[in-house]
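Listed below, chain by chain, are the residues.
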Amino acid sequence: MEDASTTAETAPETAGNGVVSASAIPADELARLTDDIVSALKTVYDPEIPADIYELGLVYRIDVEDDRTVKIDMTLTAPGCPVAGEMPGWVENAVGAVEGVSGVEVNMVFDPPWTPDRMSEEAQVAVGWY
């Protein structure tokens with residue numbers, strides 16, 4: 001998904017490779033953490049849709065803080081989703097198992113509301129819409 005972003009709350013610093021990093025975490029470590037977090041999110045599935053929450057576009061934002069706490073803004077396909085109470089725990093467990101993550105905070109948001117156009121091509125194929 002291209003909508004999810006990974007950020008950190010510090011002043012930008014220039015890494016040795018010329019890449020501007022907004023984190024005290026070294027750029028290569030932040031890249032690994034980000035890849036591993038996305039991989040972990042892809043293990044969490046909406047039980048009613050045969051696609052993972054990342055490809056469904058349910059993850060709106062991923063922030064990796066300098067203390068390696070991961071803050072995730074996500075939504076559900078519908079506010080009345082039957083797993084609304086369980087989904088944040090599934091996400092916390094999956095991302096919390098990533099090496100180097102010190103904690104996970106999941107924030108459920110419903111603005112903007114989720115729509116099927118947030119789904120990746122992979123998710124559209126999985127549900128037979130492509």
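Counting restarts for each chain, with residues numbered from 1 along the sequence as it is written. Only residues with pLDDT of 70 or above have their local features reported here, since the model is predicted, and side-chain atom pairs are shown and tallied only from 80 upward, although totals for entire chains, interfaces and linings are computed over all residues. Only hydrogens and water are removed before side-chain values are computed, so all heavy atoms of the structure are retained for them.

Draft legend 1. Structural context of the nonpolar core. Counting residues in hydrophobic clusters, the biggest one holds 35 residues, and the most contacted among them are Ile37, Leu41, Ile53, Ile72, Val91 and Val95. In DSSP terms, a helix is any run of H or I states spanning at least four residues, a strand is any run of E spanning at least two, and both are numbered starting from the N terminus. At the level of secondary structure, the elements contributing two or more residues to this core comprise α1 (27-41), α2 (53-56), β4 (59-64), β5 (69-74), α3 (87-96) and β6 (103-108). Sorting elements by how many residues they give to this core places α1 first, with six residues. Dropping the residues within four chain positions of it, Ile53 is found in contact with Leu41, Val44, Tyr45, Asp46, Leu58, Val59, Met74, Met87 and Val91. Definition of nonpolar core: a set of buried residues of the types Ala, Val, Leu, Ile, Met, Phe, Trp, Tyr and Cys, connected through side-chain atoms within 4.5 Å. A 1.4 Å probe rolled over the protein chains alone gives each residue an accessible area, and that area as a share of the maximum for its type sets the label: buried under 20%, exposed over 50%, partly exposed in between. Residue contacts are counted whenever heavy atoms from the two residues lie within 4.5 Å of one another.

Draft legend 2. A look at α3. Among the residues of α3, Met87, Pro88, Val91, Ala94 and Val95 are the ones counted as buried. Viewed along the axis of α3, the buried residues span an arc of 130°, placing them on a single side of the element. Contacts from the buried residues of α3 go to α1, α2, β5 and β6. It is the directions from the helix axis to the C-beta atoms that the arc portrays.

Draft legend 3. Structural view of the pairing of β5. Whether two strands pair comes down to DSSP finding at least two bridges between them. By the bridge criterion, five bridges tie β4 to β5 in an arrangement that is antiparallel. Within the sheet, the bridge partner assigned to Asp63 lies in β5 and is Lys71. Between the end of β4 and the start of β5, which pair antiparallel, lie four residues, with Arg68 showing a positive phi angle near 70°. When β5 meets β6, the two strands line up parallel, connected through six bridges. Each residue of the ladder has a partner; that of Val70, found in β6, is Val104.

Draft legend 4. Summary view of unusual backbone geometry. The linkage connecting Asp111 with the following residue, Pro112, adopts the cis geometry, with an omega of 5°. With respect to the helices and strands, Pro112 occurs in the loop between β6 and α4 (121-126). Positioned with a positive phi, Arg68 is a non-glycine residue whose angle comes to about 70°. Relative to the assigned elements, Arg68 resides in the loop between β4 and β5. Look at Arg68 and you get partly exposed, because its relative accessible area is 25%.

Draft legend 5. Region of the structure containing the packing of α1 against α3. Packing of α1 against α3 brings their axes to within 8 Å, and their N-to-C directions diverge by 140°. Judged by the inter-axis angle, α1 sits oblique to α3. The chirality of how α1 crosses α3 is right-handed. Facing Ile37, Ala40 and Leu41 of α1, the residues of α3 in contact are Val91, Ala94 and Val95. Angles run from 0 to 180 degrees between N-to-C directions of axes, and those axes are lines fitted to C-alpha atoms, restricted for helices to the stretch in contact. Any angle between 65 and 115 degrees counts as roughly perpendicular, while under 35 counts as roughly parallel, over 145 as roughly antiparallel, and the rest as oblique. Should the near helix be turned anticlockwise from the far one by less than a right angle, the crossing is termed left-handed; should it be turned clockwise, right-handed.

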